[in-house]
Amino acid sequence: ARAQLDETLLGELVEPDDERRAVELLCDVLMRQGDDAALEVALGRLAQLRDEAGRARALAAQGASRARLGRLGDALESYRAALAVPPADDDVQARVGLGEAAFALKRWDEARAALEPLYTRGVAPRIERALRLGEIAERQGRADEAVPFYEAALQEGAHAADAVRAYNALAGIFRARGDD
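A brief structural summary. (Residues numbered from 1 in each chain as written. Predicted model: local features only at pLDDT ≥ 70, side-chain atom pairs only at ≥ 80, totals over all residues. Heavy atoms only, no water.)

### Details of the overall build of the chain
Assigned secondary structure in the chain consists of 10 helices and 0 strands. When the helices and strands of the chain are placed in sequence order, the string is α-α-α-α-α-α-α-α-α-α. Across the 180 residues in the chain, those meeting the buried criterion constitute 43%. Of the roughly 9,800 Å² of accessible surface on the chain, 50% is carried by carbon and sulfur atoms. (Helix = DSSP H or I, 4+ residues; strand = E, 2+ residues; numbered from the N terminus. Buried < 20%, exposed > 50% of the residue type's maximum accessible area, 1.4 Å probe, protein only. Areas by Shrake-Rupley, 256 points an atom, 1.4 Å probe, with all protein chains shown as cover.)

### Quick look at the side chain of Glu-135
You can see Glu-135 is positioned in helix α8 (residues 126–139). Judged by relative accessible area, Glu-135 falls into the buried class, the value being 14%. With near-sequence residues (within four places) excluded, Glu-135 lies in contact with Phe-103, Tyr-150 and Arg-165. (Contact = heavy atoms within 4.5 Å.)

### Here we look at unusual backbone geometry
Cis geometry marks the peptide bond from Ala-124 to Pro-125; its omega dihedral reads 0°. Within the secondary structure, Pro-125 sits in the loop between α7 (108–121) and α8. The backbone of Lys-106 sits at a positive phi, close to 60°, despite the residue not being glycine. Secondary-structure assignment places Lys-106 in the loop between α6 (92–104) and α7. On the basis of relative accessibility, which here comes to 61%, the residue Lys-106 falls in the exposed class. Here the phi dihedral of Ala-160 falls at roughly 55°; this positive angle occurs in a residue that is not glycine. Along the chain, Ala-160 falls in helix α10 (residues 160–177).

### Concerning the nonpolar core
Cys-27, Ile-136 and Tyr-150 are the most contacted members of the largest nonpolar core, which has 49 residues in total. Setting aside anything within four residues of it in sequence, one finds Cys-27 in contact with Leu-39, Ala-42, Leu-43 and Leu-46. (Core = buried A, V, L, I, M, F, W, Y, C linked by side-chain atoms within 4.5 Å.)

### A few points about helix α5 (residues 72–84)
Its 13 residues place the ends of α5 18 Å apart at the C-alpha level, agreeing with the 18 Å of an ideal helix rising 1.5 Å per residue. Within α5, burial applies to Ala-75, Leu-76, Ser-78, Tyr-79 and Ala-82. Relative to the axis of α5, the buried residues are bounded by an arc of 165° and lie together on one face. Turning to α5, the residues buried within the fold contact α4 (52–68), α6 and α7. (Expected span 1.5 Å × (residues − 1). Arc of directions from axis to C-beta.)

### A short note on the pattern of salt bridges
Side chains that differ in sign of charge can pair as their charged atoms come close. Following the criterion strictly, the structure yields 18 salt bridges and no others. A salt bridge links Asp-36 to Arg-68; its shortest N-O distance comes to 2.8 Å. Of this pair, Asp-36 sits in helix α3 (residues 36–49) while Arg-68 is found in helix α4, placing the two residues 32 residues apart along the sequence. On the basis of relative accessibility, which here comes to 14%, the residue Asp-36 falls in the buried class. Of the charged contacts, one joins Asp-74 and Arg-71 as a salt bridge, the two residues approaching to 2.7 Å between their closest N and O atoms. Asp-74 sits in the partly exposed class, given a relative accessible area of 27%. One salt-bridge network, in which partners are shared between bridges, spans Glu-100, Glu-128, Arg-132, Glu-135, Asp-162 and Arg-165. (Salt bridge = Lys/Arg side-chain N within 4 Å of Asp/Glu carboxyl O.)

Everything listed here is a matter of coordinates, which is why it stays silent on function.
In structure tokens, the structure reads:
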């Protein structure tokens, strides 16, 4: 199926109106095959063919593909482009991707700017978002700002590994401050 779609698109055998659907099908095949390198290219093409809302989703998916390939700088570029497409009301995938890629690249301000609006809006998973924002605040040297995030994660019902993360972080902060 992939070979036929590739050949059809490369040979320009489809009508312009059908090209978008053919590229969507190709993306689906590539995603199922786990071919992130080819998927990245196909998603870039899809972003050119879709309306604005579809373009934003294609760019966010391209960012995820680039992140899986370890190309975090390129992933940031795709996520930023997705967020720049109006309207930005369906921005969760792009914001989460941007926040996590920025976190991995130690770009704390950008990570926080991407994730904090999702936390404020109550977008799930709220516990994970609170923990990540606490970690970002700590890495920015703002331990006092991290405390409410860790406490919120516990109040939201963090359990198992998430609760351990929150309690350990709080203990480290309180110990550093000299609190009992």
